[in-house]
Amino acid sequence: MWTCLIIWFIFGFAIHLFVDALNEIVIIGFPLGWYVAAQGSLIVFVVLCFWFASRQNRIDEEFGMSGHEE
Amino acid sequence: MANGRDFTSNLGRIYGFYTGGFIGFVILLAILEQIGVPNNVIGYLFIFFTIAVYAGIGIMSRTMQVSEYYVAGRKVPAFYNGMATAADWMSAASFLAMAGGLYAQGYSYMAFVLGWTGGYVLVAVLIAPYLRKFGAYTVPDFLGSRYGGNVARFIGIIVLFCCSFTYIVAQVTGAGLVASRFLAIQFEIAVFVGLVGILVCSMLGGMRAVTWTQVAQYIVLIIAYLIPVIILSTQVTGIPLPQLMYGEVLQQIQELEATSPALEGARAFMQTPQTFTQGLNFFALIACLMIGTASLPHVLMRFFTTPSVREARKSVAWSLLFIFMLYFTAPAYASFAKLEVYSNVLGADLGSLEAVQGLPEWIFIYGPLELVRICGVFATDAQAVFDACTAAGITSLSHGQFAIASDTVVIATPEIAGLPYVIAGLVAAGGLAAALSTADGLLLAIANALSHDIYYRMIDPRASTRRRLMVARVLLILVALLAAVVASTRPGQILAMVAWAFSLAAAGLFPALVMGVWWKRTTKQGAIWGMISGFCVTLFYLIITRYFPETGVSYFLMSPFGEQITASGVGWFGVNNISAGLFGIPVAFIVTYLVSKGTPEPSAEMQAFIDELRLPSGKVMMEEKS
């Protein structure tokens, strides 16, 4: 859980503090700072959510907590 | 529903057919346009056909069972719940206003893109699985049980009502905007047309109907959003992958900004926050939107419909993926629109009446709707523009003399780029789908809270099923009417209204929800005072800065942002009122903490209850017969 929140914080906030420095780097036309805000961080969030769900579900199984409810 | 199992296992096929049918319908209309069917007929067909489909789904899913009505029987698979959540979530603000905001403000509006996606990480990690485990019907239901009693429940309802209502007004405004453009009727009347569309989906079938219409609406809105940008990308760069190709467009924009005389002194599209205040506002907005996402009742409510805690978690991830599809396209959309305007409109000759008549046609379509201004007047016709510009001594159109209402950019882009009208109609259908799906979800959140939490839990716990559902429907209609009346007065910009709703929800609900799950020591009084103080601080900041800026400056130590005192132009530390939650959220956390420390700790049963809440397996904790 903390890992998730730390990654979330880095890509939600911390990295955008350095936008001007990142904008110096240009990849296929995209200044990197802009790209990180427009796409990069979002991709990280999506992957993070899937990773969290599967990891958490695996932990539940290991500890025998995966029984179907209801 | 006797054939419920059949229905669930056939979902893939049903929606596959539906998607194919919709694409076929678009192609059919494209052919009709080619053989000369007039534009307004195409606009009508798009709007009425899609609303008819939603209504059809709504009527087929009608139900008289309480659990079907409130939580769709808790059997929506994660994948489809993800799609429904995405439609529920992406409103007129995401669809219409976000790319427009990016168009107008450039990088600084990236805060919306980041805030509205990053919030889902909080939902997945901190909230959704636990609320699902708890098994409530509504968010106030959780507050009522966790903080024992009706006071917490009631405050939860007030917060829910205020934020959802602000939000719903924005959606009805969006629906009205689309309807007034494509049905050529007055905005005030268009609002009520939108309202009918909203009601047919949600009235009979509650959550169940809304779930399946939202899936259908997601399909329409994502197709409608992607197709115009894909075409634009092919036109401009030759490759139909806008999200990868618009780097080139960004370069061209920067070049024009540097060289074009019409753009002298314009704010750069990729201008990043430079001063401390700008940076503070940027990050404050991200924070408020993220935390708001994790506390909006109509979104959290969707995760009550999954079959299990595991599915709830997966479903958050699917939701974010579906939302991501639109969000990572929005900056591309804005960039393409920007380039079109920069290269085809700015710098145009205004020296003679003929030259003005030669301006792109769309300017005089949106001008009379009071959405495009040139030389300070609405571009109603060439003569008016010519007169105003001549009077001001302007002969060439520069960026300062041209303004387009940012809420319109997405609807207008197909016309700006000279695409066939059918694409404009498609975008309208998409915008309508986005506004209707969110309005449905919100309406249901409000009506359910009123009927389930106030009527059933607080007024008449012995009411029969039939009566409860009746009350829910009557309230639904009343709330919808009220929202339409408020929207018809055009109270504000879509994006600003929505951002207010986020701040209110974030400050009012987030601390109580998160601390309720993660800190056993949180007491009833702590949560109650936390909610009240957070919500009041935020509301106070919004109202004072928006409506009474002079009072704010004279009595509450606020300072004006510019030279003059204007509405929404004052505040503490230069913080814009769309990030009002920045003050409310910490206050709510601190008050909750302090009051909880100062009151006796919750009973042993309550603490055991919270321990169990955190275990993913076991029975749903608050099951109810239906």
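Residues numbered from 1 in each chain as written. Chains lettered and ligands numbered in written order. Predicted model: local features only at pLDDT ≥ 70, side-chain atom pairs only at ≥ 80, totals over all residues.

Structural notes on the overall build of chain A
When you go through chain A residue by residue, the secondary structure sums to three helices and two strands. Taken from the N to the C terminus, the helices and strands of chain A come in the order α-α-β-β-α. Since a compact globule built from 70 residues should have a radius of gyration of about 11 Å, the 17 Å found for chain A marks it as more spread out than a globular shape. Principal-axis analysis of the C-alpha atoms places the extent of chain A at approximately 55 × 20 × 20 Å. (Helix = DSSP H or I, 4+ residues; strand = E, 2+ residues; numbered from the N terminus. Rg over C-alpha atoms; globule rule 2.2 N^0.38 Å.)

Notes on the overall build of chain B
A count of helical and extended segments in chain B gives 27 helices and five strands. Over its C-alpha trace chain B gives a radius of gyration of 25 Å, about what one expects of a compact globule, namely 25 Å for 626 residues. Across chain B, the fraction of contacts at a sequence separation of at least 24, relative to all contacts at a separation of at least 6, is 80%. (Contact = placed C-beta atoms within 7 Å.)

Looking at unusual backbone geometry
Unusually for a residue other than glycine, Ile28(A) sits at a positive phi of about 30°. The topology assignment puts Ile28(A) in the loop between strand S1 (26-27) and strand S2 (30-31).

Thoughts on the sheet that holds strand S2 (residues 377-378) of chain B
All names here are of chain B. Within the open sheet, the three strands sit side by side as S2-S1-S3. Their pairing is antiparallel. Taken across any chain shown, the strands that pair with only one partner, and hence form the sheet edges, are S2 and strand S3 (402-404). One ladder, built from two bridges, connects strand S1 (residues 372-374) with S2; its direction is antiparallel. From the neighbouring strand, Ile374 faces S2, where its bridge partner is Val377. (Pairing = 2+ DSSP bridges.)

Observations regarding the interface of chain A and chain B
Tallying the contact residues gives 35 residues for chain A and 39 residues for chain B. Secondary structure elements with two or more residues in the side of chain A that touches chain B: helix H1 (2-12), helix H2 (19-23), S2 and helix H3 (32-62) of chain A. Residue contributions to the side of chain A that touches chain B peak at 17 residues, all from H3(A). For the side of chain A that touches chain B, the class distribution of residues is 21 nonpolar, ten polar and four charged. (Nonpolar A, V, L, I, M, F, W, Y, C, P; charged D, E, K, R; others polar.)

A few points about helix H7 (residues 110-134) of chain B
Residues and elements named next belong to chain B. The end-to-end C-alpha separation of H7 is 35 Å, in line with the 36 Å expected for 25 residues at 1.5 Å each. Bending of H7 peaks at approximately 55° at the position of Val123. Summarising burial for H7: 24 of the 25 residues are buried, a large majority. Just downstream of H7 lies Gly135, where phi reads positive at about 80°. (Expected span 1.5 Å × (residues − 1). Bend = angle between axes of the 7 residues up to and from the residue. Buried ≥ 20, exposed ≤ 12 C-beta atoms within 10 Å, placed from the backbone.)

Remarks on the confidence of the model for chain B
Low pLDDT marks regions whose predicted coordinates should not be analysed in detail. Summing up the model confidence of chain B, the mean pLDDT is 85 and the portion of residues at 70 or higher is 97%. Prediction confidence for the complex, expressed as pTM and ipTM, is 0.89 and 0.90 respectively. (pLDDT = per-residue confidence, 0-100.)

A closer look at the nonpolar core
Residues Cys49(A), Ala124(B), Leu221(B) and Leu443(B) are the most contacted members of the largest nonpolar core, which totals 251 residues. When residues in this core are grouped by element, the largest group, 21 residues, is from helix H21 (residues 421-459) of chain B. The contacts of Leu443(B), once residues within four sequence positions are left out, are Ile168(B), Ile198(B), Ser202(B), Leu476(B), Val479(B) and Ala480(B). (Core = buried A, V, L, I, M, F, W, Y, C linked by C-beta atoms within 7 Å.)

Describing the environment of Met64(B)
Tracing the backbone through its elements, the reader meets Met64(B) in the loop between helix H3 (39-60) and helix H4 (66-71). Taking the C-alpha atoms as reference, Met64(B) lies 19 Å from Arg457(B); in sequence the two are 393 residues apart.

Description of the confidence of the model for chain A
Mean pLDDT over chain A stands at 84; residues scoring 70 or higher make up 90%. Looking at the elements of chain A, mean pLDDT is at its lowest for S1(A), recorded as 84, and at its highest for H3(A), recorded as 89.

Some words on the packing of helix H6 (residues 92-105) of chain B against helix H9 (residues 150-182) of chain B
Residue and element names in this part refer to chain B. For the pair H6 and H9, interaxial distance at closest approach is 10 Å and the crossing angle is 65°. Looking at the two axes, H6 sits roughly perpendicular to H9. You can see that H6 and H9 cross each other, and the crossing is left-handed. Contact with H6, carried on its side by Ala92, Ala93 and Leu96, involves Ala170, Gln171 and Gly174 of H9 and no other residues of that element. Looking at the contact of H6 with H9, its residues break down into four nonpolar, two polar and no charged. (Axes fitted to C-alpha atoms, helices over the stretch in contact; angles between N-to-C directions. Parallel < 35°, antiparallel > 145°, perpendicular 65-115°, else oblique. Left-handed = near helix turned anticlockwise from the far one by under 90°.)

Focus: H6(B)
Residues and elements named next belong to chain B. With 14 residues, H6 should reach 20 Å at 1.5 Å per residue; the first-to-last C-alpha distance of 18 Å fits that figure. The largest bend in H6 is about 35°, located at Met98. Of all 14 residues in H6, twelve are buried; the element is thus mostly enclosed. Those residues of H6 that sit buried are Ala92, Ala93, Ser94, Phe95, Leu96, Ala97, Met98, Ala99, Gly100, Gly101, Leu102 and Tyr103. Phi for Gly106, located one or two positions after H6, is positive at around 65°.

With respect to the packing of helix H11 (residues 206-237) of chain B against helix H12 (residues 242-259) of chain B
Residues and elements named next belong to chain B. Between H11 and H12, the least distance of the axes is 10 Å, while the angle of their chain directions is 45°. One element, H11, and the other, H12, form an angle in the oblique class. The handedness of the crossing between H11 and H12 is left-handed. Side by side, H11 and H12 meet where Val229, Ile230, Leu232, Ser233, Val236 and Thr237 of the first sit next to Pro242, Met245, Glu248 and Val249 of the second. For the contact of H11 with H12, the per-class residue count stands at seven nonpolar, two polar and one charged.

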